[in-house]
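# Chain and residue survey
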Amino acid sequence: MATASLSQQSADGVVTLSGDLNRETLMPLWTARHSLMASDVHTLDVAGLERVDSPGLAMLVYLLDESSAKGHSVRLSGMTEKLQSLIALYNLQQIIQPYLLSQADGL
């Protein structure tokens with residue numbers, strides 16, 4: 001069985017996440033959250049996420065909400081059908097909707 005991994009990259013105001021965002025992989029993201037989600041970040045790209053579990057979804061919501069609380073707007077892009085399904089399962093559409101980059105990515 002392959003080991004789950006999460007990759008995070010930041011360039012030109014876009015933080016890109018790829019791999020698996022789950023309870024096994026989110027600790028490095030949690031540790032780096034302040035530097036990764038700097039004030040110049042405007043987009044969180046999740047198109048490369050293959051798997052997201054409940055703690056991973058909670059982490060995404062936290063990152064978006066925390067950035068908003070600090071006064072800078074971060075948008076979510078690259079919503080996959082799997083992630084949309086998880087958001088719907090937990091009835092979080094209204095919470096996520098304001099953060100979506102465009103209606104094309106909408107729920």
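Residues numbered from 1 in each chain as written. Predicted model: local features only at pLDDT ≥ 70, side-chain atom pairs only at ≥ 80, totals over all residues. Heavy atoms only, no water.

Looking at the chain as a whole, its pLDDT mean stands at 91, while 93% of the residues score no less than 70. Low confidence marks residues 103-107, where pLDDT is under 50. Its contacts with residues over four positions away, or in another chain, come to 16 contacts. (pLDDT = per-residue confidence, 0-100. Contact = heavy atoms within 4.5 Å.)

Attention now goes to the sheet that holds strand E2 (residues 14-21). Strands sit in the order E1-E2-E3-E4 across an open sheet of four strands; the sheet is mixed. Edge positions in the sheet fall to strand E1 (6-11) and strand E4 (75-77), since each has one partner strand and no second. Neighbour-to-neighbour, the strand axes of this sheet turn through a mean angle of 20°, independent of strand direction. Inspection of the sheet shows strand E3 (residues 43-52) paired to E4 by three bridges, in the parallel sense. Directly across from Thr-43, in E4, lies its bridge partner Arg-75. (Pairing = 2+ DSSP bridges. Helix = DSSP H or I, 4+ residues; strand = E, 2+ residues; numbered from the N terminus. Axes fitted to C-alpha atoms, helices over the stretch in contact; angles between N-to-C directions.)

A few words now on the packing of aromatic side chains. This structure, assessed with the given rule, holds one aromatic pair. Aromatic side chains Trp-30 and Tyr-62 sit 5.1 Å apart centroid to centroid with 50° between the ring planes, which places their arrangement in the tilted category. Of this pair, Trp-30 sits in helix H1 (residues 26-36) while Tyr-62 sits in helix H2 (residues 54-69); the two residues are 32 residues apart in sequence, bridging distant segments of the chain. (Phe/Tyr/Trp six-rings, centres within 6.5 Å; stacked < 30°, edge-to-face > 60°.)

Axis separation between H1 and H2 bottoms out at 11 Å; the angle between their running directions is 15°. With respect to each other, H1 and H2 are oriented roughly parallel. Where H1 crosses over H2, the handedness of that crossing is left-handed. Of H2, the residues touching H1 (which contributes Leu-26, Leu-29, Trp-30 and Arg-33) are Pro-55, Gly-56, Met-59, Tyr-62 and Leu-63. (Parallel < 35°, antiparallel > 145°, perpendicular 65-115°, else oblique. Left-handed = near helix turned anticlockwise from the far one by under 90°.)

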